[in-house]
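Structure at a glance
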Amino acid sequence: MKDFEPNIIGFLCNWCSYAGADLAGTSRMKYPPNIKSIRVMCSGRVDPIFILEALKKGADGVLVAGCHPGDCHYQSGNYKTNRRIKLLKKFLEEMAVNPNRVRFEYVSASEGAKFATIVTEFVDELKKMGPNPLKDVKV
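What you see as residue numbers is a count from 1 along each chain, following the sequence as written. In keeping with the predicted nature of the model, local features appear solely for residues at pLDDT of at least 70, side-chain atom pairs appear and are counted solely at 80 or more, and the whole-chain, interface and lining totals rest on all residues. Derived side-chain values reflect all non-hydrogen atoms in the structure, with water molecules and hydrogen atoms excluded from consideration.

Before going further, it helps to spend a moment on the pairing of strand 4 (residues 102-106). Successive side chains on a regular strand alternate, one facing one side of the sheet and the next facing the other. The buried count for strand 4 comes to 5 of 5 residues, which makes it a mostly enclosed element. Burial of strand 4 is two-sided: the residues Val 102, Phe 104 and Tyr 106 facing one way and the residues Arg 103 and Glu 105 facing the other way are all buried. A pair of strands counts as paired when DSSP detects no fewer than two bridges linking them. Going along the chain from the N terminus, every DSSP run of H or I of four or more residues is numbered as a helix, and every run of E of two or more is numbered as a strand. Strand direction decides the pairing type here: strand 3 (residues 61-66) and strand 4, joined by 5 bridges, are parallel. The residue bridging Val 64 from the neighbouring strand is Phe 104, located in strand 4. Under the scheme applied here, a residue whose accessible area is under 20% of the maximum for its type counts as buried, over 50% as exposed, and between as partly exposed, the area being computed with a 1.4 Å probe on protein chains only.

For side chains bearing opposite charge, pairing can occur when the charged atoms are close. Here a salt bridge means any side-chain nitrogen of Lys or Arg lying within 4 Å of a carboxyl oxygen belonging to Asp or Glu. Inspection of every chain in the model, using the stated rule, returns 4 salt bridges. Two residues, Glu 5 and Lys 127, come together in a salt bridge whose shortest N-O distance is 3.2 Å. A residue pair is termed long-range when its members are at least 10 positions apart, and Glu 5 in the segment before strand 1 (8-13) and Lys 127 in helix 4 (residues 112-129) qualify at 122 residues. A relative accessible area of 46% places Glu 5 in the partly exposed class.

Here we take up the side chain of Asn 78. By the secondary structure assignment, Asn 78 is in helix 3 (residues 77-94). Its relative accessible area of 0% is what places Asn 78 among the buried residues. Polar contacts involving the side chain of Asn 78 include one to the main-chain carbonyl oxygen of His 68, which spans 3.0 Å. Whether two residues touch is decided by their heavy atoms; if any such pair falls within 4.5 Å, the residues are in contact. Setting aside residues no more than four positions away along its own chain, Asn 78 makes contact with Ser 43, Cys 67, His 68, Pro 69, Gly 70, Cys 72, Phe 104 and Tyr 106. Polar contacts, as counted here, are pairs of nitrogen or oxygen atoms within 3.5 Å of one another; within protein the pair requires one atom able to donate a hydrogen and one able to accept it, and residues that are adjacent in sequence qualify only if both atoms are side-chain atoms.

Pairing is parallel across the open sheet formed by 4 strands, whose spatial order is 2-1-3-4. The open sheet has two edge strands, strand 2 (35-40) and strand 4, and neither has a second partner. In this sheet, neighbouring strand axes are inclined to one another by 20° on average, regardless of whether the strands run parallel or antiparallel. Only the stretch in contact is used when fitting a helix axis, every axis being a line fitted to C-alpha atoms; angles between N-to-C directions are given from 0 to 180 degrees. Most of the contacts of helix 1 (residues 17-26) go to strand 1, to which it runs at about 115°, and overall it touches strand 1, strand 2 and strand 3.

Honestly, it's all geometry; don't read function into it.
Written out as structure tokens, the structure is:
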């Protein structure tokens, strides 16, 4: 457990969150390299099945990041995602999986420091939780 490094999948909105992550990188802000980013056109495009599949295939945590309320380039994608994540967390709780393995955040293109902080906090939180119990579960 001492050497455990969590594997995080990040679904990042193209217009805001991915640009915020890019700003963190180009500004050489320090944050753990545990996140594998997947650029999606809108956080509203992230189906809860994608998140469950990532957890099933070994991700210790999943971060979904989108535009701030009112700033979505597709008008309501981030609102839909917020509702879906809340429902997904209830489902995970029913399945005896810590719902904090999934995190939804608003990150704009100018918030590179916020992105770095979120990833750092998430890594620390996942280290306390330990490895994902769903990894390689056969259904």
